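# Notes for the structure review
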Amino acid sequence: MELWKRYGRGLSNRCGGYRMNTGTGNVLRALALMKDGELSEKIKVRYSLRMLLRPLSALRARLLSPPAQRELLCRILDGLGAKGAAKTSSPAVISMYQDSGLIYTALLQSYRLDLMKQDVDFRLLPLLIAGASEDTALHRVMEIRAAEMPAANAYNAEQVRRLQRLKAAHSLKEEGGFAEGMNRLFDSIKVTERNKEKWTEK
């Protein structure tokens, strides 16, 4: 049994009295829909709930008022992105926004998990990212960010300068939150899919 299916058994699939359908593909498509500038907010909320809820729960959600539907959608998205992350005094080494492309390729390389084609519960992403192969670019970048700067001396000056350059090149920028990160991850996946099509044509 795949890792994400085994660990996914312990996850609750309910938000209040509504049963969720939080496969990664559904979440990414819902977030992409929310970016659509041509649709009204009412339509975007309604169709996002249709993607993120089981069929019977989606039918029940249609009976809610528009403000109640919007509140339900916010509760679902908050549960996906804001919970389960333990507070720590350690410095941050990953950004869902900045590292979106690295995350996608790391999961593909480590688990052969294509987020647009395989339905892993979205809430398992932190676990899968943490267990990604040490051979991935994402793991190397995280190691660089976590590395402590050694005290400079006459023997390690070049090593210190090299680590300083690497840390500067891969430093985390304080920008973008959960939703922005997921939107960027979705965009990265679509670019990768388009590149695959070009390579196949050649």
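Residues numbered from 1 in each chain as written. Predicted model: local features only at pLDDT ≥ 70, side-chain atom pairs only at ≥ 80, totals over all residues. Heavy atoms only, no water.

## Description of the overall build of the protein
Looking only at helices and strands, the protein features 10 helices and two strands. Going from the N terminus to the C terminus, the protein shows its helices and strands as α-β-β-α-α-α-α-α-α-α-α-α. Here the protein, with 202 residues, has 33% of them falling under the buried criterion. Nonlocal contacts in the protein, meaning residues at least 24 apart in sequence, comprise 67% of its contacts between residues at least 6 apart. By element, 52% of the accessible surface of the protein is carried by carbon and sulfur atoms, the whole surface being about 12700 Å². (Helix = DSSP H or I, 4+ residues; strand = E, 2+ residues; numbered from the N terminus. Buried < 20%, exposed > 50% of the residue type's maximum accessible area, 1.4 Å probe, protein only. Contact = heavy atoms within 4.5 Å. Areas by Shrake-Rupley, 256 points an atom, 1.4 Å probe, with all protein chains shown as cover.)

## Thoughts on the packing of aromatic side chains
Under the criterion given, the structure shown has zero aromatic pairs. Sitting over the ring of Tyr-18, Arg-60 keeps its end group 4.4 Å from the ring centre. (Phe/Tyr/Trp six-rings, centres within 6.5 Å; stacked < 30°, edge-to-face > 60°. Lys NZ or Arg CZ within 6 Å of the ring centre and 35° of its normal.)

## Focus on the side chain of Asn-156
Here Asn-156 lies in the loop between α8 (137–146) and α9 (157–169). Setting aside chain neighbours within four positions, we find Asn-156 in contact with Pro-150 and Ala-151.

## A closer look at the pattern of salt bridges
Across all of its chains, the model carries five salt bridges by this definition. Close ionic contact of Arg-123 with Asp-121 constitutes a salt bridge, the shortest N to O distance being 3.0 Å. Accessibility expressed as a relative area gives 19% for Asp-121, which makes it buried. A salt bridge links Arg-165 to Glu-158; the nearest nitrogen and oxygen atoms lie 3.5 Å apart. Each of Glu-158, Arg-161 and Arg-165 takes part in a single network of salt bridges with overlapping partners. (Salt bridge = Lys/Arg side-chain N within 4 Å of Asp/Glu carboxyl O.)

## Examining the packing of helix α6 (residues 100–111) against α8
Helix-helix packing is described using two parameters, namely the angle between the two axes and the distance between the axes. Put simply, α6 and α8 touch, their axes get as near as 8 Å, and they point 130° apart. In this view, α6 runs oblique relative to α8, as classed from their interaxial angle. Here Leu-102, Ile-103 and Ala-106 of α6 lie close against α8, whose contacting residues are Ala-137, Leu-138 and Val-141. (Axes fitted to C-alpha atoms, helices over the stretch in contact; angles between N-to-C directions. Parallel < 35°, antiparallel > 145°, perpendicular 65-115°, else oblique.)

## A word on unusual backbone geometry
In this structure, Arg-112 is a non-glycine residue whose phi angle is positive, near 55°. Along the polypeptide, Arg-112 turns up in the loop between α6 and α7 (125–130). For Arg-112, a relative accessible area of 73% corresponds to the exposed category.

## A closer look at a positive patch on the surface
Taken together, Arg-14, Arg-19, Arg-54 and Arg-60 make up a surface patch of like positive charges. When you line up the elements, Arg-19 lands in strand β2 (residues 18–19). According to the relative accessible area criterion, Arg-19 is partly exposed, its value standing at 37%. (Patch = residues over 30% accessible without salt bridge, like charges linked within 9 Å, V, L, I, M, F, W, Y side chains within 5 Å. Lys, Arg positive; Asp, Glu negative; His and termini not counted. Charge placed at Lys NZ, Arg CZ, Asp CG, Glu CD.)

## Re the confidence of the model for the protein
Per-residue pLDDT for the protein averages 79, and the proportion of residues at 70 or more is 75%. When pLDDT is averaged over each helix and strand of the protein, the minimum, 54, is found for helix α1 (residues 3–8) and the maximum, 94, for helix α4 (residues 55–61). Predicted confidence is poor over residues 82–89, with pLDDT under 50, and the contacts of this stretch with residues over four places away or in other chains come to one contact. (pLDDT = per-residue confidence, 0-100.)

## Re empty space enclosed by the protein
Tallying each qualifying case throughout the model produces one cavity of 30 Å³ or more. Glu-41, Lys-42, Val-45, Pro-66, Gln-69 and Arg-70 together form the lining of the largest cavity. Secondary structure elements with two or more residues in the lining of the largest cavity: α3 (41–52) and α5 (66–81). (1 Å grid on protein atoms, 1.4 Å probe; cavity = no way out; pocket = protein on both sides within 12 Å on 5 of 7 lines; lining within 4 Å. Points joined across faces, edges and corners; volume = space filled by probe spheres on them.)

## Quick word on the packing of helix α2 (residues 24–35) against α3
Running from N to C, α2 and α3 cross one another at 175°; their axes reach a closest spacing of 9 Å. Classified by the angle between their axes, α2 and α3 sit roughly antiparallel to one another. On α3, the residues that touch Asn-26, Val-27, Arg-29, Ala-30, Leu-33 and Met-34 of α2 are Lys-44, Val-45, Tyr-47, Ser-48, Met-51 and Leu-52. Within the contact of α2 with α3, the residues separate by chemical class into eight nonpolar, two polar and two charged. (Nonpolar A, V, L, I, M, F, W, Y, C, P; charged D, E, K, R; others polar.)

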